[in-house]
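# Tertiary structure, described
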Amino acid sequence: MRSFVDRIKMIEGNEGVLSISIGHGFSHGDVPEASSRVLVIMDKDKATGDALATKIGEELVSMRGKTAPPFYSVDGGIDAALKFDDAPVVMADSADNAGAGAPSDNTTILRRLIERGIEGAAVGPVWDAISVGLCFDAGASAQFPLRFGGKIGPASGRPIDATVTVVGLRRDCSQNSPFGRSVLGDCAAVRVGGVEVVLCSIRTQAFGPELFRNVGIDPLARKIVVVKSSNHFIAGYGPIAKKVIYVESDGLFGSDYRKYPYTRVNRPIWPLDEETRPGLIL
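Residues numbered from 1 in each chain as written. Predicted model: local features only at pLDDT ≥ 70, side-chain atom pairs only at ≥ 80, totals over all residues. Heavy atoms only, no water.

### Comments concerning the overall build of the chain
- When helices and strands are counted, the chain shows seven helices and 11 strands.
- Considering only C-alpha atoms, the chain reaches an extent of 70 × 35 × 35 Å along its principal axes.
- Sequence separation of 24 or more characterises 65% of the internal contacts of the chain that already satisfy a separation of 6 or more.
- Charged side chains in the chain number 32 positive and 33 negative. The centres of these two groups are separated by 1 Å. (Helix = DSSP H or I, 4+ residues; strand = E, 2+ residues; numbered from the N terminus. Contact = heavy atoms within 4.5 Å. Lys, Arg positive; Asp, Glu negative; His and termini not counted. Charge placed at Lys NZ, Arg CZ, Asp CG, Glu CD.)

### Brief notes about the packing of aromatic side chains
- Scanning all chains against the criterion turns up five aromatic pairs.
- Geometrically, the ring pair formed by F212 and Y237 is edge-to-face, given 6.4 Å between the ring centres and 85 degrees between the ring planes. Of this pair, F212 sits in helix α6 (residues 210–213) while Y237 sits in helix α7 (residues 234–237), and the two are 25 residues apart along the sequence. There is no split in this pair, since F212 and Y237 are both buried.
- When the ring centre of F136 is taken as reference, the NZ or CZ atom of R171 above it lies at 3.8 Å.
- The ring of W127 carries the charged tip of R203 above its face, separated from the ring centre by 5.8 Å. (Phe/Tyr/Trp six-rings, centres within 6.5 Å; stacked < 30°, edge-to-face > 60°. Buried < 20%, exposed > 50% of the residue type's maximum accessible area, 1.4 Å probe, protein only. Lys NZ or Arg CZ within 6 Å of the ring centre and 35° of its normal.)

### Some remarks on the packing of helix α1 (residues 2–11) against helix α2 (residues 46–62)
- In contact at an axis separation of 12 Å, α1 and α2 are set at 170 degrees when each is read in the N-to-C sense. When the axis of α1 is compared with that of α2, the two are roughly antiparallel. Along the contact surface, α1 presents F4, R7, I8 and I11, while α2 presents L52, I56, E59 and L60.
- Per-class residue counts for the contact of α1 with α2 are six nonpolar, no polar and two charged. (Axes fitted to C-alpha atoms, helices over the stretch in contact; angles between N-to-C directions. Parallel < 35°, antiparallel > 145°, perpendicular 65-115°, else oblique. Nonpolar A, V, L, I, M, F, W, Y, C, P; charged D, E, K, R; others polar.)

### Side note on the packing of helix α3 (residues 74–83) against helix α4 (residues 108–115)
- Interaxial distance between α3 and α4 falls to 10 Å at its minimum, and their mutual angle equals 55 degrees. Our classification of the angle between α3 and α4 gives oblique. In this structure, the crossing between α3 and α4 has a hand that is right-handed. Residues V74, D75 and I78 of α3 form the contact with α4, whose own contacting residues are T108, I109, R112 and L113.
- Broken down by class, the residue content of the contact of α3 with α4 amounts to four nonpolar, one polar and two charged. (Left-handed = near helix turned anticlockwise from the far one by under 90°.)

### Quick word on the nonpolar core
- Of all hydrophobic cores here, the largest spans 34 residues; its most connected members are M91, L113, C135, F148, V197, L199 and I224.
- Beyond its immediate stretch of four places on either side in the chain, F148 contacts T107, L110, D128, S131, P159, I160, V164, V192, V197 and L199. (Core = buried A, V, L, I, M, F, W, Y, C linked by side-chain atoms within 4.5 Å.)

### Concerning a nonpolar patch on the surface
- On the surface, L18, L39 and I41 cluster together to form a nonpolar patch covering roughly 280 Å² of accessible area.
- Structurally, the position occupied by L18 is in strand β1 (residues 17–23).
- Judged by relative accessible area, which is 52%, L18 ranks as exposed. (Patch = residues over 30% accessible without salt bridge, like charges linked within 9 Å, V, L, I, M, F, W, Y side chains within 5 Å. Areas by Shrake-Rupley, 256 points an atom, 1.4 Å probe, with all protein chains shown as cover. Salt bridge = Lys/Arg side-chain N within 4 Å of Asp/Glu carboxyl O.)

### Structural notes on the sheet that holds strand β6 (residues 143–148)
- Read across the sheet, nine strands follow the order β3-β11-β4-β10-β5-β9-β8-β7-β6 without closing on themselves; strand pairing throughout is mixed. Both edges of this open sheet fall to β3 (71–72) and β6, since each of them pairs with a single strand only.
- Examined bridge by bridge, β6 and strand β7 (residues 160–177) share six bridges and lie antiparallel to one another. Each residue of the ladder has a partner; that of P145, found in β7, is T163.
- On top of the sheet, α3 reaches β3, β4 (89–93), β10 (224–227) and β11 (243–247); it is set at about 170 degrees to β11, its chief contact.
- Packing against the sheet, helix α5 (residues 129–138) makes contact with β5 (121–127), β6, β7, β8 (180–192) and β9 (195–200), and its axis sits at approximately 170 degrees to β6. (Pairing = 2+ DSSP bridges.)

### Things to note about the pattern of salt bridges
- Scanning all chains against the criterion turns up 17 salt bridges.
- Here D96 makes a salt bridge to K228, at a shortest N to O gap of 2.8 Å. Of the two residues, D96 sits in the loop between β4 and α4 while K228 sits in the loop between β10 and α7, which places them 132 residues apart along the sequence.
- A relative accessible area of 2% places K228 in the buried class.
- With a shortest N-O distance of 2.5 Å, K151 and D128 are connected by a salt bridge. Of this pair, K151 sits in the loop between β6 and β7 while D128 sits in the loop between β5 and α5, placing them 23 residues apart in sequence.

### Looking at the environment of K66
- Note on placement: K66 falls in the loop between α2 and β3.
- K66 sits 65 residues away from M1 along the chain, and the two C-alpha atoms are 9.9 Å apart.

### Concerning unusual backbone geometry
- Residue G124 is joined to P125 through a cis peptide bond whose omega torsion reads -10 degrees.
- With respect to the helices and strands, P125 occurs in strand β5.
- Omega for the peptide link from W270 to P271 comes to 10 degrees, which places this bond in the cis form.
- Looking at where P271 falls in the secondary structure, it is placed in the segment after β11.
- One non-glycine residue, K44, adopts positive backbone phi at about 80 degrees.
- Considering the arrangement of structural elements, one finds K44 in the loop between β2 (37–42) and α2.
- A positive phi angle is found at D172, which is not glycine, with a value near 50 degrees.
- The topology assignment puts D172 in strand β7.

Below is the structure:
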C-alpha cells in the first residue's frame, strides 16, 4: 500500500488534480455505507477526474486479498515464534484489540503459553482493574492464587486461575502512541511459570514498549512478546521486533469478516461475496 499511496501523492497538484483521498472504510461497521471509496477533486475538469477515480479505484480493487499479513492459529503462531532463531518475536493478538472495541482481557493465547510451558514470554495489556488492586494489596514479590482475565464476556475466554508472583507494580502508567501519551492507569506484572503478564486498570491497546518497561519487563530480553493490538503497535514495536506474527485468536475483533452476522451492509460486497460491482458513483 505504501507505493500506492506514494503514487497518489505524486499525482496531486498536477494537471488540475487538487486532491485524491482514499476512504478505506471500517470493515466491522454494519452500515450500508461500509465500503472503500476513492474521492478525486479536480479544478473544474470532471471528465478527467472521473477517469482518474476509475483508474485508481480499479487498482485498489485489484489489491483485494493481497495486502493483509498471514494470520496464524494460536498454536501455529506459538510454533512459528519458537522456530524463529532470534528474539524478540512480537505476536499480535489483533482479535482482542481494545482500540477496535474488544475487551482486551481474552485469555486464549496466554492460556496456551502457560499450558505449553513456554519460557521467556510476556503478554499485555490485560485489562483487569480488580486483579491490579489485589496485586497492590499483596505487594511486590508476593505469591498468591489469582483469577485474572476472562471477565468481560464470551469473547474474553475463561479466566486464568493460577498462583502468581507479583514481579512489578506501578501507579499511573502510560505508553507512547502515534497519537501522544496513552494512559494505562495502575499496572501490575505477574509471572505464571515462564510467562509474564501486564495487567492494567484502564482499558487500552498496546502501543509502545513502555507498556512492559513500566513494570520492569524488558521486551528485548524476551523470546515472545504478545501485544493486544491490530496495527498501531508497529510504530513502537516494529523497530525492536526481529519478527512480527499475527494470530487469529477467538477474541471479538476477528479478521475473518465472513464470520460476522452483517445485516445492513449493501450487498454484494467483498469478501462476503465473490462477485461484486465496484464502479464510479455519479
